[in-house]
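# Descriptive analysis of the structure
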Amino acid sequence: MESFPKRHELAINCVYTAMLQPVNVAKVLIQVGYEPLPPVYRGPSMFFFAGGFYYPNIFKYMQYLKDKEGTIFVLYRGIVPRLCGTVLSNTVRNEVLGLIPKTESRCPPEQIANEVGRQCAATAAAVIASHPLLVITNRMIVAIVGSEDKYSSFLGAIGSILTDQGVLGFYSGIVPHLLCEVSGRAMEVLLEELFEKCDLNRKLGLPFESKTALPVSSLHSFLSYPLQLTTTIMSVNNCGMAVSELPVMQGTSPGMVACLKGLWNTGSLKRGSNLMFTRKAPSQTWHTPPTETEGPEAIKEE
């Protein structure tokens, strides 16, 4: 009876992953600095404040990819390994949680520490097991940049990684990935357990059962985004692909610290975090003056 909710949850996760794959393809390409569409000048307004050069939003980005490749299937590059990673991650997490018993202590601090430890161990095991599939997914996506045929298929990507980098190539970027996922899960479980075991709802006078997972997950996603970005970059950098030659990828190797430092120095720690709206282009890309249709009023004001 307990397996049905787990299978139901897994099915929902797979459907959700498949639906968002086009967004993930565009996000990964933006994270590595692939900007094929030129920035457009936007004059001062309620949405653009002081004005400047902005890249198109993610919907125009996905439309460009579709038109360039001539097929909508380009937006589903890497869908097979990503779905396999979702299934493997959920399976390993549930299996590890089943192997680690819950504490029988009646002391709330011990109960909280035990549950946080269980969840962190399960999350770490899931990340280690599924990370190779994340590397394959990302490399199949960024192969769009240089049109590399060797990463055009799931099996072809596996063979290319084994040939070029060996088994260790499947674990490129594993450290920031582990730090990101484990810290996020620890925050969620810690707050959930505190509210439940310490009865914080009643003590704080909250008239409802507090659900902390969503707000904590959103907060952690915002704070840990540099680690997410570093994971993506390290998983595809220095592997003989054209993406490694992009200007924004320079100075982001070989390790996690060097990558974070490079992103910090270029002000790129949040690159790709804003997808639904237009993204402001770095000042070094402002090489084309506004045309008459793009912002003559702004030129006159200057």
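You'll find the structure just up there.
Residues numbered from 1 in each chain as written. Predicted model: local features only at pLDDT ≥ 70, side-chain atom pairs only at ≥ 80, totals over all residues. Heavy atoms only, no water.

A few words now on the environment of M241. Within the fold, M241 resides in the loop between helix 10 (225-236) and helix 11 (256-265). What M241 contacts, discounting residues up to four positions off in sequence, is R139, V142, A143, E148 and Y151. (Helix = DSSP H or I, 4+ residues; strand = E, 2+ residues; numbered from the N terminus. Contact = heavy atoms within 4.5 Å.)

It is worth spelling out the pattern of salt bridges at this point. Enumeration according to the criterion identifies 3 salt bridges in this entry. Note that R118 and E115 form a salt bridge whose closest N and O atoms lie 2.9 Å from each other. Linking R118 with E115, this pair stays in helix 5 (residues 108-146), spanning 3 residues, or about one helical turn. An identical accessibility class is assigned to R118 and E115; each is buried. One salt bridge connects K150 with D164, and the closest N-O pair in it is separated by 3.1 Å. (Salt bridge = Lys/Arg side-chain N within 4 Å of Asp/Glu carboxyl O. Buried < 20%, exposed > 50% of the residue type's maximum accessible area, 1.4 Å probe, protein only.)

Attention now moves to the nonpolar core. Among the nonpolar cores identified, the biggest contains 43 residues, and L29, V32, Y34, L65, V142 and V243 are the most heavily contacted of them. Of all the secondary-structure elements, those providing two or more residues to this core are helix 2 (21-31), helix 3 (58-69), helix 5, helix 6 (154-164), helix 10 and helix 11. When residues in this core are grouped by element, the largest group, 9 residues, is from helix 5. Once residues within four sequence positions are removed from consideration, Y34 is found in contact with L29, Y61, Y64, L65, K68, V145 and L246. (Core = buried A, V, L, I, M, F, W, Y, C linked by side-chain atoms within 4.5 Å.)

The geometry of helix 2 relative to helix 5 is characterised by a closest axis approach of 9 Å and an angle of 65 degrees between their N-to-C directions. Judged by the inter-axis angle, helix 2 sits roughly perpendicular to helix 5. For the crossing formed where helix 2 meets helix 5, the hand is right-handed. Of the residues in helix 5, those in contact with Q21, N24, V25, V28 and L29 of helix 2 are T137, N138, I141, V142, I144 and V145. Counted by class, the contact of helix 2 with helix 5 contains 7 nonpolar, 4 polar and no charged residues. (Axes fitted to C-alpha atoms, helices over the stretch in contact; angles between N-to-C directions. Parallel < 35°, antiparallel > 145°, perpendicular 65-115°, else oblique. Left-handed = near helix turned anticlockwise from the far one by under 90°. Nonpolar A, V, L, I, M, F, W, Y, C, P; charged D, E, K, R; others polar.)

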